[in-house]
Amino acid sequence: MDSKVKLTELQQMKQQGRKIVGVVAWDYQMARIVDRAGVDVVSVGDTVGINLWGQPNPLEITMDQILVVCQAVRRGVQRALLSCDFPFGPLQEGSASAVRAAIRLVKEAGVDMVKLDGAADHLDAVAAVARAGIPVFAQFGITPQTSLKYGVTYSSTPTAEDAISDELLDEMVREAKSLADAGAVMLNFTNSGPVVGAAVAEAVSIPVVGGFGGGPWLDGRIRMATAAIGYGADGLDEPPNTYANVARIALDAISAYADDVRGARQIKGGIRR
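A few points on the structure. The structure presented is a predicted model; accordingly, all values stated were derived computationally and were not measured.

Take L82: it is sitting in strand β3 (residues 81–85). Looking at L82, the relative accessible area reads 0%, which means it is buried. C-alpha of L82 to C-alpha of G22: the two residues are 60 residues apart in sequence and 9.8 Å apart in space. Non-local contacts of L82, meaning those with residues more than four positions away in its chain, are made with V42, V44, C70, V73, R74, V111, D112 and M113.

Set out below in structure tokens:
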């Protein structure tokens, strides 16, 4: 197995023009798989509540819940850097609350860094967590929550070209620099666009990666493992634009299992001893 990824290596990758690979994972088995694939960063996203548990509101997930998920992923990740999202609350409550939450994630889940969503509005908290010696992965950009702030219309399926207009370039560059100055070690630029995204990546010395609405103009990408493999049940009705269609594979497998049970045949998938 390769040696554990270090934060300094991500910095070197940016300097050398090598793209950083990030994956969002929420369970032990997927963590093992993506780590073996050689990704650089594994992120435990707070969207686990919506994407795996069927919660209707992204703000429902609690600190105790995200800790359980982080602990599971930590057990499966050995090589990659592990990041964990704050749930909604600790960051918004102020610097002291943010530091307590970050310390808890480090002590109880062994994370390598913490991801703060909407971090540009909480620079004091970013700085406080960084001063506590905990690396900060800071998210900023266009989201449903920030679209009004930036004066743009947010679509549920924005494209990289139209999610952020060129007029926002100066403001986005300024926010990125402020986050870097506050002590963030990496940025997650949501819905960056090729013009603004490239300008931000060039303006700061720390790596800038992107998930939703990102592209090759950034220093790397981060994507949900479930999205990359086509795990969602929606893919059963319409083939998804993914690297696989695991939902269809799973449906076929469970259907075959049911046929074997109903046909009084021995089933597959016994416990290995």
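Picking up where we left off.
For helix α4 (residues 63–76), which comprises 14 residues, the first-to-last C-alpha distance of 20 Å matches the rise-based estimate of 20 Å (1.5 Å per residue) to within 8%. Taken residue by residue, α4 has M63, I66, L67, V69, C70, A72, V73, R74 and G76 as its buried positions.

What follows concerns the pattern of salt bridges. Scanning all chains against the criterion turns up 9 salt bridges. A salt bridge links K115 to D117, with the shortest nitrogen-to-oxygen separation between them at 2.7 Å. Owing to a relative accessible area of 7%, K115 belongs among the buried residues under this scheme. Using a relative accessible area of 26% as the deciding quantity, one classes D117 as partly exposed.

Adjacent strands of a sheet pair through backbone hydrogen bonds, lying either parallel or antiparallel. Taken in spatial order, the 8 strands of this closed barrel run β1-β2-β3-β4-β5-β6-β7-β8, and their pairing is parallel. Neighbour to neighbour, the strand axes of the sheet diverge by 25 degrees on average, direction disregarded. Pairing analysis gives 5 bridges linking strand β1 (residues 20–24) to strand β8 (residues 220–224), with the strands arranged parallel. Considered in β8, the bridge of G22 is made with I222.

Take the state of the cysteines next. All chains considered together, the criterion is met by 1 disulfide. Here C70 engages in a disulfide with C84; their sulfurs sit 2.0 Å apart. Negative torsions about the S-S bond denote left-handed disulfides, and the value of about 70 degrees found for C70 with C84 makes this one right-handed. Pair noted here: C70 is in helix α4 and C84 is in strand β3, with a separation of 14 residues, a long-range link. The exposure classification of C70 matches that of C84, with both residues buried.

The next point concerns the packing of helix α8 (residues 169–182) against helix α9 (residues 194–203). Relative to each other, α8 and α9 sit at 35 degrees, their axes nearing to 9 Å. Crossing of α8 against α9: the hand is right-handed. Contacts between α8 and α9 involve L169, M172, V173, A176 and K177 on the former and, on the latter, V195, V196, A199, V200 and A203. For the contact of α8 with α9, a count of residues per class yields 9 nonpolar, no polar and 1 charged.

Going residue by residue along strand β2 (residues 41–44), you find V41 and S43 tucked away on one face and V42 and V44 tucked away on the opposite face as well. Pairing of β1 with β2, which is carried by 3 bridges, proceeds in the parallel orientation. Residue pairing in the sheet places V23 in a bridge with V42 of β2. Handedness of the crossover is the feature at issue here: the chain leaves β1, passes through helix α2 (residues 28–36), returns alongside β2, and the resulting connection is right-handed. The pairing of β2 with β3 spans 4 bridges and is parallel. For V41, the partnering residue across the bridge sits in β3 and is L81.

This part covers the nonpolar core. Side chains that are nonpolar tend, in soluble globular proteins, to be buried together. Among the nonpolar cores identified, the biggest contains 74 residues, and L105, V114 and L187 are the most heavily contacted of them. Those residues within four positions of L187 in sequence are excluded, and the remaining contacts are F137, A138, F140, A176, L179, V204, I206, P207, V208 and V209.

Relative to the helices and strands, Q55 is located in the loop between α3 (48–51) and α4. Beyond its immediate sequence surroundings of up to four residues, Q55 is in contact with G49, I50, E60, I61 and Q65.

Procedures and definitions
Residues numbered from 1 in each chain as written. Predicted model: local features only at pLDDT ≥ 70, side-chain atom pairs only at ≥ 80, totals over all residues. Heavy atoms only, no water. Helix = DSSP H or I, 4+ residues; strand = E, 2+ residues; numbered from the N terminus. Buried < 20%, exposed > 50% of the residue type's maximum accessible area, 1.4 Å probe, protein only. Contact = heavy atoms within 4.5 Å. Expected span 1.5 Å × (residues − 1). Salt bridge = Lys/Arg side-chain N within 4 Å of Asp/Glu carboxyl O. Pairing = 2+ DSSP bridges. Axes fitted to C-alpha atoms, helices over the stretch in contact; angles between N-to-C directions. Disulfide = S-S within 2.5 Å. Left-handed = near helix turned anticlockwise from the far one by under 90°. Nonpolar A, V, L, I, M, F, W, Y, C, P; charged D, E, K, R; others polar. Right-handed = clockwise from strand over helix to strand, strands pointing away. Core = buried A, V, L, I, M, F, W, Y, C linked by side-chain atoms within 4.5 Å.

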